[in-house]
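Chains, contacts and geometry: an overview
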Amino acid sequence: MWTSLKTATWLGWQIESNWASPSLFALYSIVKPLTSAAILVVMFGMITQGNFASTAFSYLYVGNAFYMYVGAVMAGMAQAVVDDRERFRTLKSMYVAPVHIPMYLMGRGVARFLTTSLSVAITLAFGVLFLQLQLSLGDVRWGLLLAALVAGVALLAMMGLTLASIVLVIAHNSWLVGEAVAAALYLFCGAVFPLEVLPWWLRPVGYLMPVTYWLELVRRALVGRVADAYPTLAGVGDLQLLVLVAILTLVFAVVAAATFRRCDHLARERGLIDRTTNY
Amino acid sequence: MGSRSSGWRLFARTVMARAYPRLVMNVREKWWLVFDIVLPLVGVCAYVFVYRANGAHPDLIGFVILGGAMSAYWMNVLWAMGNQLFWEKETGNLALYIMAPNSMMAILLGMALGGMATTTLRAASILAIGSLMFGVRFDVSNAAMLFVVFALALVALYGMGMMFASMFLLFGREGWHLVSLAQEPVFLLSGTFFPVRNFNFWVAAGASIIPLTLALDAIRQLTSSSGAALGFLDVGTEVAVLAGLSVVFLIAARFLLAQLERLAIAEGRLTESRA
Amino acid sequence: MQALAIETARLGRIYKPRRNERHDTKERVALSDVSLAVPRGELFGLLGPNGAGKTTLIKILTTLLAPSSGWAAVEGYDVHREPQFVRPCINMVSGGEASGYGLLTVRENLWMFAQFYGLSSSDANRRIAELLEIVKMSDRINTKSSQLSTGLRQKMNIARGFLTDPNVLFLDEPTLGLDVEASRDARNYIRRWVKEQATRTVLLTTHYMVEAEELCDRVAIINGGRVLACDTPQNLKRRLQREAIFHLEAAPLGAGDVAAIAALPGVSKASHQATGFGSSVELMLQEERVLGPVIGLLESRQIGLRTLTKREPTLEDVFVELVGRSMEEVEHG
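Residues numbered from 1 in each chain as written. Chains lettered and ligands numbered in written order. Predicted model: local features only at pLDDT ≥ 70, side-chain atom pairs only at ≥ 80, totals over all residues.

For chain C, the count of helices and strands is twelve helices and 14 strands. With the C-alpha coordinates of chain C rotated into their principal frame, the extents come out at 75 × 45 × 45 Å. For chain C, the share of sequence-separated contacts (at least 6 apart) that also reach a separation of at least 24 residues comes to 70%. (Helix = DSSP H or I, 4+ residues; strand = E, 2+ residues; numbered from the N terminus. Contact = placed C-beta atoms within 7 Å.)

Dropping the structure here:
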């Protein structure tokens with residue numbers, strides 16, 4: 001299993017990082033995340049007359065920056081299934097080889113996590129340099145941040161595996177399966193606004209998502225007082241948050257394992273491992 | 001064998017034939033309802049709540065819904081035309097398309113029209129459900145003009161899409177990433193979720209080369225009470241620019257498709273795979 | 001009226017590494033100085049090992065690739081300058097192609113490609129039914145192509161090639177993936193189809209000698225991007241008629257024994273293969289009477305001779321004579 005994870009991470013890194021010249025890769029890594037953040041920056045600036053020094057802005061900006069991991073990992077793992085099945089036609093070879101498929105898919109997700117880190121760092125740096133983002137390196141709680149990132153890789157890998165398992169049994173009729181799911185979850189995770197803004201009947205969804213707690217952990221590690229400004233999870237301590245993330249990650253791991261088992265069985269029963277479905 | 005179509009008849013046959021796989025498979029495989037309709041709708045709601053969380057004027061919520069609806073067409077242009085051509089190269093269909101006596105513009109138009117059903121359903125869902133959920137009312141001041149704006153926007157958008165698609169004849173693996181790269185900058189510059197007037201004049205003017213920019217601005221002016229106050233240019237000017245863009249992009253698409261096909265043939269890129 | 005279906009003059013193609021490719025990728029000469037003239041009605045074969053340039057030539061002739069030098073014409077139209085006139089007259093089938101859309105049925109895929117050539121739906125559906133009958137796939141007409149096996153997929157590809165009744169049909173390893181019976185049926189149909197109308201021409205590439213000998217009116221042997229010989233299979237083999245080819249089975253031979261045989265005057269080639277029970281030797285002799293000294297050598301070394309047969313030269317032998325190695329040896333480098 002460890003070999004599968006390691007090899008898949010290496011493979012994913014190769015695929016994600018060497019598709020272009022270094023300059024084009026750098027442009028992609030800078031332009032895409034910054035323009036995504038800029039949409040929110042313009043929206044916020046328009047309503048608040050450019051009050052970027054506010055805690056609300058820091059809350060939104062940091063949440064959006066780290067939410068990139070969610071889209072990247074989920075998209076990466078879902079797209080890995082599609083690419084391997086239909087473009088590279090290697091999925092059937094993976095199945096035939098003694099490769100642990102879930103670990104292989106998670107390895108691809110880990111690779112996306114690593115390549116996205118550059119985009120996240122660039123986005124944060126831009127916010128600090130040009131947008132009065134309330135982030136000071138001296139105030140960062142590095143231990144908590146590291147723990148949050150490690151927890152993040154695990155939880156996103158579980159979510160990504162769940163989605164990748166579903167992609168095994170569906171046709172390739174949407175280019176952006178992972179992004180679509182991530183865009184939908186954006187609503188529920190308190191990424192860019194606190195859960196209190198949602199109607200009461202939608203809030204429970206947010207409370208059930210591990211990403212909600214994970215983003216809160218990241219905010220506390222990076223911009224502590226910003227996280228304090230919104231009371232949503234004020235009553236939950238750092239350790240409790242970590243435990244919550246761990247528990248929910250375990251729950252998702254069970255869901256992911258069950259989903260993979262079911263979808264893998266269906267895919268093999270219906271002969272979907274090597275089919276091409278693009279149109 | 002009977003006689004064969006040529007000229008415009010061949011063009012029409014090719015368009016219908018290439019649209020066919022998309023139309024049929026939307027019936028056979030229904031997961032697109034989730035990934036292309038439901039989830040994007042939920043995603044648009046997130047931007048609505050960003051405005052609500054920060055006390056924005058209610059009209060801006062309508063702007064987000066309109067932007068989310070129209071962005072569906074931009075996504076269709078990027079993925080169903082541009083990136084799709086790259087995929088066709090990977091699977092070997094592109095060589096067969098080029099080798100046949102049809103027109104690549106017909107193939108691309110077929111791809112676009114085939115995806116139009118999904119796209120229009122997505123746009124309509126965001127519009128209808130979004131307005132119901134958030135209590136947004138659209139006051140249409142001039143329905144005929146609204147239709148003209150929408151129609152010109154589509155022609156210009158898809159003309160631009162054909163131009164991009166021609167570039168995919170040359171791309172390798174970077175194709176997917178470049179399409180992905182074109183999403184957010186266009187959403188930003190065209191004011192998908194906010195009035196483009198927020199930019200300075202020259203930035204907004206430059207962004208007007210993207211058909212979505214002026215189309216959204218004009219549609220907002222025609223459907224919202226504060227639209228005119230927040231508009232960039234007057235609707236008449238925007239319609240004229242859109243009409244000009246439509247013509248320019250279609251002509252440029254025809255030219256670029258021919259030129260880049262010649263270049264791809266010279267460099268042997270039509271049949272390479274997984275490069 | 002143009003009598004040549006395909007004509008090339010000093011055709012060449014060089015693949016140059018692109019700016020973003022690794023620095024150690026060199027320029028590659030895929031075709032060099034290829035001059036062919038294929039009259040209408042001919043079933044012309046292009047025979048060579050993998051990487052010989054067969055597919056490159058077909059890509060140029062089907063307007064998918066520009067030549068680096070020389071020119072080529074199909075049905076009298078320049079493939080590079082007048083592709084719009086070439087394309088209505090041609091079609092192509094490649095071995096192992098995965099064209100079409102997996103979620104469409106066989107009929108739908110074929111119908112779609114027929115529309116790109118301007119066929120009416122009624123003509124297309126009639127032709128589809130006929131062709132699927134010929135390739136023995138009528139029962140799979142409504143099967144999604146993603147559910148087809150490799151062989152059935154290739155049959156569908158073959159049907160697609162004939163669907164538009166082209167003047168010139170390019171077949172690039174068309175029987176790849178087909179079983180023995182299906183390959184035979186395909187070859188029979190190809191031959192019948194060409195002979196049905198004088199305006200039809202087929203250019204077939206293959207690395208199967210049997211296919212080239214059985215099907216082709218003329219064969220061009222290609223290796224390393226160059227055409228080494230071009231003639232009817234019979235004439236090509238007649239080049240070796242002056243040579244005698246023998247196959248002998250003997251007791252085990254050592255390396256020294258084989259070298260001694262090869263060194264005998266009049267022995268052009270002696271290739272040895274160890275079998276389970278001894279040795280198998282292919283001898284190419286400049287004249288039949290050289291056989292005597294060979295037998296004498298075996299006797300002097302007390303190597304028992306078990307069987308001795310004379311065989312007719314094949315295109316493989318022609319290839320060996322032209323290139324100096326067998327096709328298999330060339331492919332393995």
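To continue, consider unusual backbone geometry. Residue and element names in this part refer to chain C. Even without being glycine, Arg10 reaches a positive phi, approximately 50°. With 13 C-beta atoms counted inside 10 Å, the residue Arg10 sits in the partly exposed group. Positioned with a positive phi, Glu173 is a non-glycine residue whose angle comes to about 50°. Topologically, Glu173 is positioned in the loop between strand S7 (168–172) and helix H6 (180–196). (Buried ≥ 20, exposed ≤ 12 C-beta atoms within 10 Å, placed from the backbone.)

This next bit is on the interface of chain B and chain A. Note on interface size: it is often stated as the accessible area lost on association of the parts. Taken together, the 40 residues of chain B in the interface contact 39 residues of chain A. Breaking the side of chain B that touches chain A down by element, the ones donating at least two residues are helix H1 (7–28), helix H2 (32–53), helix H3 (58–91), helix H7 (174–181) and helix H8 (183–189) of chain B. Tallied by class, residues from the side of chain B that touches chain A come to 23 nonpolar, eight polar and nine charged. (Nonpolar A, V, L, I, M, F, W, Y, C, P; charged D, E, K, R; others polar.)

Attention now moves to the pairing of strand S6 (residues 90–94) of chain C. Residues and elements named next belong to chain C. Judged by how many residues are buried, S6 sits mostly within the fold: five of five residues are covered. Of the two faces of S6, the one carrying Ile90, Met92 and Ser94 and the one carrying Asn91 and Val93 are both buried. In the sheet, S6 pairs with S7 via five bridges, with the strands oriented parallel. If you follow Val93 over to S7, its bridge partner there is Leu171. (Pairing = 2+ DSSP bridges.)

All names here are of chain A. Here Thr259 shows up in helix H10 (residues 238–270). Residues Thr259 and Leu161 lie 98 residues apart in sequence; the distance between their C-alpha atoms is 8.5 Å. Setting aside residues no more than four positions away along its own chain, Thr259 makes contact with Thr162, Ser165 and Ile166.

Below, the discussion takes up the packing of helix H7 (residues 177–185) of chain A against H2(B). One can describe the packing of H7(A) onto H2(B) by two numbers: an axis separation of 7 Å at closest approach and a directional angle of 35°. The handedness of the crossing between H7(A) and H2(B) is left-handed. Where H7(A) approaches H2(B), its residues Val177(A), Ala180(A), Val181(A), Ala183(A) and Ala184(A) are matched on the opposing element by Phe35(B), Leu39(B), Pro40(B), Val42(B) and Gly43(B). When the residues that make up the contact of H7(A) with H2(B) are grouped by side-chain class, the tally is nine nonpolar, one polar and no charged. (Axes fitted to C-alpha atoms, helices over the stretch in contact; angles between N-to-C directions. Left-handed = near helix turned anticlockwise from the far one by under 90°.)

With 32 residues of chain B in contact, the opposing surface of chain C contributes 27 residues. The dominant element in the side of chain B that touches chain C, judged by the number of residues it contributes, is H1(B), at ten residues. Counted by class, the side of chain B that touches chain C contains 18 nonpolar, ten polar and four charged residues.

Residues and elements named next belong to chain B. Taking 1.5 Å as the rise per residue, helix H5 (residues 104–134) with 31 residues should run 45 Å; its terminal C-alpha atoms sit 43 Å apart, in good agreement. Considering bend angle alone, the principal kink of H5 is centred on Met116 and spans about 40°. With its phi angle positive at about 65°, Gly135 sits one or two positions after the end of H5. (Expected span 1.5 Å × (residues − 1). Bend = angle between axes of the 7 residues up to and from the residue.)

Before going further, it helps to examine the sheet that holds strand S8 (residues 201–206) of chain C. Sheet strands pair by backbone hydrogen bonding; their relative direction is either parallel or antiparallel. All names here are of chain C. Pairing in this open sheet of six strands is mixed, and the strands run S6-S7-S8-S3-S9-S10 from one edge to the other. If you trace the sheet from one side to the other, it starts and ends with S6 and strand S10 (226–231), each paired once. When the angles between neighbouring strand axes are averaged without regard to direction, this sheet yields 15°. Strand contacts of helix H1 (residues 54–61): strand S3 (43–47), S6, S7, S8 and strand S9 (218–223), with the helix running at about 155° to S7, the strand carrying the most contacts. Relative to S9, helix H11 (residues 315–323) is tilted by about 40°, and along the sheet it contacts S3, S9 and S10.

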